[in-house]
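Letter by letter, the chains look like this.
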Amino acid sequence: MLRRARVIHIRGIVQGVGFRPFTHRLARRFALGGWVKNGGDGVEIFAEGSPDALDAFARALVSEAPPAARIASTDVADVSCCGLQSFEIRESAGAARPTVRIAPDLAVCDACLRELFDPADRRYRYPYNNCTDCGPRYSIVRSLPYDRAGTTMAPWPMCDLCAAEYHDPADRRFHAQPVACHACGPTYVFRDGDGTHARAYDAVVAAAAHLRAGKIVAIKGIGGYHLACDARNVGAVRALRERKFRKERPFAVMASDVATARTLVTRTSDVGTARTLVTTGVASDDAAADDAASDDAAFEAQLLSSARPIVLAPARAAFDDVAPDNRELGVMLPYAPLHHLLFEAGAPNVLVLTSANRSSEPIAYDDDDALASLAGIADAFLIGERPIARRLDDSVVRISAGVPAILRRGRGFAPVAVATLPATRPILALGGDLKNALALVVDGAVFASQHIGDLDHRSAREACEATIRDLCAIYAVRTEELLVVHDAHPEYVSTAIAQELGAQTVAVQHHRAHVASVIAERGAWDTNVLGVAFDGTGYGDDGTIWGGEFFTGSVQHGFERIAHLRRAQLPGGDAAARFPVAAAAGYLAELDDVPDLTQPPFFFGPRYRAARELIARNVRCFRTTSMGRLFDTVAALLGFTRPMTFEGQAAMWLEHLASSASPSAAHAYPFPFVGNELDYRPLLRAIALDRSAGREPSQIAAAFHVTVADGIMAVSQRHNDVPIACSGGVFQNGLLVELLRERLDARAWFNATVPANDGGLALGQAGLASFA
Ligand SMILES: [Zn+2]
Ligand SMILES: [Zn+2]
């Protein structure tokens, strides 16, 4: 019989995910001889047998790969046969730089779930059940190599039964580092203020009873603590808001299963009005129906993906206290075995599940910290004994026109590589100060860190520094060899951190980094684009506050700013970002004929008058081209006159308002592109007049969104045929993205893999720095 031999080299996330035993099983199926071993940068396979079997084997390696594996590349080379008849798993070879990739944390798999609910199984109701296909990874790694001793499971030696599974290549738990059971592993404990203590499943039952009774329970998950309560219990939800000092920001919910999740959100396929209202005359009904069906499919695919992110979808009302003034609800499904056990034990089937912290501080993940900082918030604690090595927030994904976009990268996504760069030197990009997230480039692969938070909190700054140490340790990079990229803002905390690292540094302008992040996702380094960067605040080349910017050029050759929103004033500087009426004072001051906004229907109060006063005296007034503040101004004109309690709130309110408008709202306001400026003055004048004339605010809001999309079209008409790369926090606005997709189709590029907000900056910074 004809015999051939091949060496197959597979790179990507292929270690610690059961790839070697999987290869072993496949080789047996195709009657191949040879071996498989872990190498420095992936898995190496030598296989010999009939050519047909080798072909089928190579295909199956990719098509049937374990769920946790992410294959980046496969190289196959013909070699000569060695006469091997059997197939074996060999021990690993050492490597210079371990480019082995740490897998993200994975939702519990179906096989483990079956055991969880099988009374005959020895892991029946065991809250830390896992196998090579599922369970924690990044959240438990303390050091490399990835083995038991280097994880937070080190204090629990395996019992004989677990050890036997761990060492058996034919077993589902072969080399599953966190493997454990009731007999040898950690469990959960329950505590409340009345001195109730319970362990194991009794702890879960006690927590479920507290949730049913309307109590707030702090629950340790995979990447940190959550605060949970019954989402349908208005009193419990309000108590949680008060105790957490989180007045209006939406909460996410966890539904017990897909069927329950479906009842919470609008099936776009059976409503459609909300999304077609401002698309009149552009999209046909058929196209809208197609979009809706693809949204539904994408919604469920994301809900059920192994990352189990929070998925945003149009809410089916009745959850006003959970997500006030918001057209969307964030929904996720159970991902840790513990969550499944909680629902089985009778917890309400829709739970508010929000990061356990005070206000906007980072999520608590250390038991002592959680007990101390949540004492006044949680009525009870469900504490897992397995420590968490690093905090990981839940990831957030939104579907728009069937396309998922990641708004926050956390558990389930970090620390996966998001792009490849033509860089040989290691690069560390520090991102921005808000929604901080890092990127480390090693051998051209860009590893994106988890969402870290706002660096003005000390604990977030410490987390940022810890994540730098973490990533450098994992990929064996010394800080001295790094090129460190930071934002050009001289007063950013991240800029200071960059300078303290003692490596070579390079500054990248904020909005160019936003545009580059979209291009980096596509690897289109030398493609000329029109870049559109719309956000709230970023440090401009001239030291003023930018945020409504247009660029031409490429990542490879750099970006030239060619147009921007007309300048306005920002009375009070960054503080104005919290007060839409202050932003309105600054933008409307540019009009010759300012309407009296203290009168009906506007009712602007003292904060507006104080801002006017600053402008009149030209005190603490800053120049800005911020599109975010234009959204705030319009929100104020339409009724959002109170202070914001979280970033982006007024713009979200405006999007929500627009989504309830009627189709007749679709005409645009004047927003002329003159010279190199988009002039908002005619737009604001028309909006103020319409509002005074009693036009429905929702219709004005819808028309404003159309106007902004048309403004981008006006600039794009001078740059025919190039892709339009849109990024920045403003493009988290789903309505605006939909309007641009309708107008530009595939010519409009948006972020999908990294957030459009400042969470995506690091990727763009790394891209620009690699060509600098
Ligand atoms: Zn499993
Ligand atoms: Zn055991």
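Residues numbered from 1 in each chain as written. Chains lettered and ligands numbered in written order. Predicted model: local features only at pLDDT ≥ 70, side-chain atom pairs only at ≥ 80, totals over all residues. Heavy atoms only, no water.

Q: Would you take a moment to explain the overall build of the protein for this structure?
A: A tally of helices and strands in the protein yields 22 helices and 31 strands. Here the C-alpha radius of gyration of the protein, 27 Å, is about what a compact globule of 772 residues would show, namely 28 Å. In the protein, which comprises 772 residues, the share counted as buried stands at 59%. Excluding contacts between residues fewer than 6 apart, the proportion of contacts in the protein whose partners are at least 24 apart in sequence is 72%. For the protein, the computed accessible surface area is about 28,200 Å², with 50% contributed by carbon and sulfur atoms. Computed over 78 positive and 88 negative side-chain charges, the separation of the two mean positions in the protein equals 2 Å. (Helix = DSSP H or I, 4+ residues; strand = E, 2+ residues; numbered from the N terminus. Rg over C-alpha atoms; globule rule 2.2 N^0.38 Å. Buried < 20%, exposed > 50% of the residue type's maximum accessible area, 1.4 Å probe, protein only. Contact = heavy atoms within 4.5 Å. Areas by Shrake-Rupley, 256 points an atom, 1.4 Å probe, with all protein chains shown as cover. Lys, Arg positive; Asp, Glu negative; His and termini not counted. Charge placed at Lys NZ, Arg CZ, Asp CG, Glu CD.)

Q: Sorry, what's going on with the nonpolar core here?
A: Within soluble globular proteins, side chains that are nonpolar generally end up buried alongside one another. Core analysis: the biggest nonpolar cluster contains 76 residues, and Leu630 and Phe731 have the highest contact counts within it. No other element matches helix 20 (residues 697-716), which puts eleven residues into this core. Apart from the residues lying within four places of it in its own chain, the contact partners of Leu630 are Leu565, Tyr587, Phe671, Tyr680, Leu683, Leu684 and Phe704. In this structure, Tyr126, Ala198, Tyr335 and Ala336 belong to the second largest nonpolar core, which totals 51 residues. (Core = buried A, V, L, I, M, F, W, Y, C linked by side-chain atoms within 4.5 Å.)

Q: Where do I start with the packing of aromatic side chains in this structure?
A: Two measures describe an aromatic ring pair: the distance that separates the ring centres and the angle between the ring planes. According to the stated counting rule, one finds 15 aromatic pairs in the structure shown. With a centroid separation of 6.3 Å and an interplanar angle of 65°, the aromatic rings of Tyr126 and Tyr128 are classed as edge-to-face. You can call Tyr126 buried: its relative accessible area is 1%. Residue classification places Tyr128 among the buried residues on the basis of a relative accessible area of 6%. Arranged with centres 6.2 Å apart and planes meeting at 55°, the rings of Phe731 and Phe750 form a pair that is tilted. Of this pair, Phe731 sits in the loop between strand 30 (724-727) and helix 21 (734-744) while Phe750 sits in the loop between strand 31 (748-749) and helix 22 (761-770); the two residues are 19 residues apart in sequence, bridging distant segments of the chain. Each member of the pair, Phe731 together with Phe750, is buried. Here the aromatic residues Phe534, Phe550, Phe731 and Phe750 are joined through ring pairs into a cluster of three or more. If you follow Arg561 out to its NZ or CZ, it ends over the ring of Trp546, 3.8 Å from the centre. (Phe/Tyr/Trp six-rings, centres within 6.5 Å; stacked < 30°, edge-to-face > 60°. Lys NZ or Arg CZ within 6 Å of the ring centre and 35° of its normal.)

Q: Explain the packing of helix 17 (residues 627-637) against helix 19 (residues 681-692) here, please?
A: Any two packed helices are characterised by how steeply their axes cross, that is the angle between the axes, and by the distance between the axes. Between helix 17 and helix 19, the shortest axis-to-axis distance is 10 Å and the interhelical angle comes to 15°. By the criterion of interaxial angle, the relationship of helix 17 to helix 19 is roughly parallel. Taken as a pair, helix 17 and helix 19 cross one another with a handedness that is right-handed. Between helix 17, through Leu630, Thr633, Val634 and Leu637, and helix 19, the contact on the second element is made entirely by Leu683, Leu684, Ile687 and Arg691. (Axes fitted to C-alpha atoms, helices over the stretch in contact; angles between N-to-C directions. Parallel < 35°, antiparallel > 145°, perpendicular 65-115°, else oblique. Left-handed = near helix turned anticlockwise from the far one by under 90°.)

Q: When you look at helix 13 (residues 493-500) in this model, what are you seeing that I'm missing?
A: Because an α-helix packs 3.6 residues into every turn, residues spaced three or four apart end up facing the same way. Turning to helix 13, its buried residues are Val493, Ser494, Thr495, Ile497 and Ala498. Positive backbone phi, approximately 75°, marks Gly502, located one or two places after helix 13.

Q: Before we go on, may I ask you to explain the coordination of the zinc ion (ligand 1) in this structure?
A: Between any two of four tetrahedral donors, the ideal angle at the metal is 109.5 degrees; between two of six octahedral donors, it is 90 or 180 degrees. Around the zinc ion (ligand 1), the protein contributes the donor atoms Cys109 (SG), Cys112 (SG), Cys131 (SG) and Cys134 (SG), at 2.2 to 2.4 Å from the metal centre. Given four donor atoms and angles of 105 to 116° at the metal, the environment of the zinc ion (ligand 1) is assigned as tetrahedral. Along the chain, the residues that donate to the zinc ion (ligand 1) are spaced as C-x2-C-x18-C-x2-C. With Cys109 in the loop between strand 5 (87-89) and helix 3 (110-116) and Cys134 in the loop between helix 3 and helix 4 (160-167), the pair connects residues that are 25 residues apart, well separated along the chain. With respect to class, Cys109 is no different from Cys134; both count as buried. (Donors = N, O, S within 2.8 Å, 3.2 Å for Na, K, Ca; no water. Tetrahedral: all angles 85-135°; square planar, octahedral: opposite > 155°, others 65-115°.)

Q: It is not clear to me how the sheet that holds strand 14 (residues 380-384) should be interpreted in this structure. Could you clarify?
A: By way of backbone hydrogen bonds, the strands of a sheet pair with one another, either parallel or antiparallel. Across the sheet, which stays open at both edges, the eleven strands sit in the order 7-6-14-8-9-13-10-12-11-15-16 with mixed pairing between neighbours. Every other strand in the sheet has two partners, leaving strand 7 (197-199) and strand 16 (403-408) as the edge strands with one partner each. The mean inter-strand angle of the sheet, taken between neighbouring strand axes irrespective of direction, is 30°. Helix 5 (residues 200-212) contacts strand 6 (188-192), strand 7, strand 8 (217-220), strand 9 (225-230), strand 13 (350-355) and strand 14 of the sheet and is inclined by roughly 40° relative to strand 6. (Pairing = 2+ DSSP bridges.)

Q: For this particular structure, what's the right way to read the sheet that holds strand 17 (residues 417-420)?
A: Ordered in space as 17-20-19-18-21-22, the six strands form an open sheet in which the pairing is mixed. At either margin of the open sheet sits one strand with a lone partner, and together these are strand 17 and strand 22 (504-508). Ignoring strand direction, the axes of neighbouring strands in this sheet form an average angle of 25°. For strand 21 (residues 483-487) and strand 22, the ladder comprises five bridges, and the chain directions are parallel. Paired with Leu483 across the two strands is Gln504, which belongs to strand 22. Against the sheet, helix 13 contacts strand 21 and strand 22, and its axis sits at roughly 160° relative to strand 21. Taken strand by strand, helix 22 contacts strand 17, strand 18 (427-429), strand 19 (439-442), strand 20 (445-448), strand 21 and strand 22, and its axis lies near 125° from that of strand 21.

Q: Can you help me understand the environment of Ile140 in this one?
A: Note on placement: Ile140 falls in the loop between helix 3 and helix 4. In this structure, Ile140 is in contact with Tyr146, Gly150, Thr151, Thr152, Pro178, Arg386, Pro387 and Ala389, ignoring residues within four places of it in sequence.

Q: What am I meant to see in the side chain of Ser355 here?
A: Residue position: Ser355 is located in strand 13. Separated by 3.3 Å, the side chains of Ser355 and Asp393 make a polar contact. Aside from chain neighbours lying at most four places away, what touches Ser355 is Tyr225, His226, Lys244, Ile363 and Asp393. (Polar contact = N/O pair within 3.5 Å; in protein donor to acceptor, adjacent residues only side chain to side chain.)

Q: Would you mind showing me how to read the coordination of the zinc ion (ligand 2) here?
A: Distances from the zinc ion (ligand 2) to its protein donors, namely Cys159 (SG), Cys162 (SG), Cys181 (SG) and Cys184 (SG), fall within the range 2.3 Å. Classification of the site at the zinc ion (ligand 2) rests on its four donor atoms, whose angles at the metal span 106 to 114°, yielding the label tetrahedral. Coordination of the zinc ion (ligand 2) draws on donor residues from a single chain, spaced C-x2-C-x18-C-x2-C in sequence. Taken as a pair, Cys159 in the loop between helix 3 and helix 4 and Cys184 in the loop between helix 4 and strand 6 lie far apart in primary sequence, 25 residues in all.

Q: What is the right way to look at the environment of Gly402 in this model?
A: Relative to the elements of secondary structure, Gly402 occurs in the loop between strand 15 (396-400) and strand 16. Here the alpha-carbon distance between Gly402 and Arg629, two residues 227 residues apart in the chain, equals 29 Å. With sequence-adjacent residues up to four places away left out, Gly402 is seen in contact with Ser294, Asp295 and Ala298.

Q: So what exactly am I meant to see when it comes to the pairing of strand 11 (residues 310-314) here?
A: For a regular strand, side-chain orientation follows a simple rule: the groups alternate between the two sheet faces. Burial analysis of strand 11 places four of its five residues in the buried class, which makes it a mostly covered element. Two elements, strand 11 and strand 15, share three bridges in a ladder whose sense is parallel. Among the inter-strand pairings, Val311 is bridged to a residue of strand 15, identified as Val397. One ladder, built from four bridges, connects strand 11 with strand 12 (residues 328-332); its direction is antiparallel. Within strand 12, the residue paired with Pro314 across the bridge is Glu328.

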